[in-house]
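Coordinate inspection notes
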Amino acid sequence: MATVELRFSAQPEHVRTARLVAAAVARRAGVDEAVLDEVRLAVGEACSRAVGLHRSHGITAPVRVVLIEEEKSFSIEVGDEVPSTGSAATEAPEASGGAPAGDLYDHDADGEDEMGLAVISGLVDDVEVTSDDDGGVIRMTWPTAHAVALP
């Protein structure tokens with residue numbers, strides 16, 4: 001399992017770099033060319049969301065992007081360091097192309113945040129959003145060419 005980790009300061013100008021890196025690693029991992037625009041857009045939304053959370057909560061820690069190449073899939077995890085205000089971890093069931101249900105992040109339920117999550121779940125079939133006292137993670141997964149059975 002190959003992993004690439006990117007950390008960047010919570011500045012909007014770094015989101016473009018994260019999108020470019022994600023697309024390049026996804027291509028090398030075997031994600032279908034037709035899906036690369038969706039990868040770019042989803043990573044841009046997730047990173048913009050994390051940057052916004054860090055800036056609005058005064059967090060100086062970097063945003064984390066982890067790109068994971070597995071045998072039959074490619075995953076991207078975008079993490080922020082904004083702790084959940086709930087007493088327990090919040091976890092959303094995997095989305096199936098629809099908008100996530102409920103308040104996925106107790107600490108940030110404004111309309112812009114919900115819109116970003118809706119856009120991500122519309123772009124990615126396999127999305128998982130989690131949050132706990134250490135921050136939140138959006139994990140997005142796509143199949144690779146290795147996962148497609150050849151006739």
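1. Description of the nonpolar core
Of all hydrophobic cores here, the largest spans 33 residues; its most connected members are F74, I76, V78, M140 and W142. The set of elements that each furnish at least two residues to this core consists of β1 (2-8), α1 (15-29), α2 (36-56), β2 (63-69), β3 (73-79), α3 (111-123), β5 (126-132) and β6 (135-143). It is α2 that provides the largest number of residues to this core, a total of 8 residues. Apart from the residues lying within four places of it in its own chain, the contact partners of I76 are A22, V39, V43, V65, V66, L67, I138, R139, M140 and W142.

2. Structural notes on the pattern of salt bridges
Evaluated as defined, the whole model comprises 8 salt bridges. In this structure, the salt-bridge partner of D80 is R49, at a minimum N-O distance of 3.9 Å. Taken as a pair, D80 in the loop between β3 and β4 (90-91) and R49 in helix α2 lie far apart in primary sequence, 31 residues in all. Overall, the relative accessible area of 2% leaves D80 in the buried class. Overall, the relative accessible area of 8% leaves R49 in the buried class. Of the charged contacts, one joins E81 and R64 as a salt bridge, the two residues approaching to 3.4 Å between their closest N and O atoms. Note that E81 is positioned in the loop between β3 and β4 and R64 in strand β2, a separation of 17 residues in sequence. Within the structure, one salt-bridge network assembled from shared partners comprises E70, E77 and R139.

3. Overview of the environment of D113
Relative to the assigned elements, D113 resides in helix α3. Residues D113 and G52 lie 61 residues apart in sequence; the distance between their C-alpha atoms is 8.9 Å.

Rules of the game
- Residues numbered from 1 in each chain as written.
- Predicted model: local features only at pLDDT ≥ 70, side-chain atom pairs only at ≥ 80, totals over all residues.
- Heavy atoms only, no water.
- Core = buried A, V, L, I, M, F, W, Y, C linked by side-chain atoms within 4.5 Å.
- Buried < 20%, exposed > 50% of the residue type's maximum accessible area, 1.4 Å probe, protein only.
- Helix = DSSP H or I, 4+ residues; strand = E, 2+ residues; numbered from the N terminus.
- Contact = heavy atoms within 4.5 Å.
- Salt bridge = Lys/Arg side-chain N within 4 Å of Asp/Glu carboxyl O.

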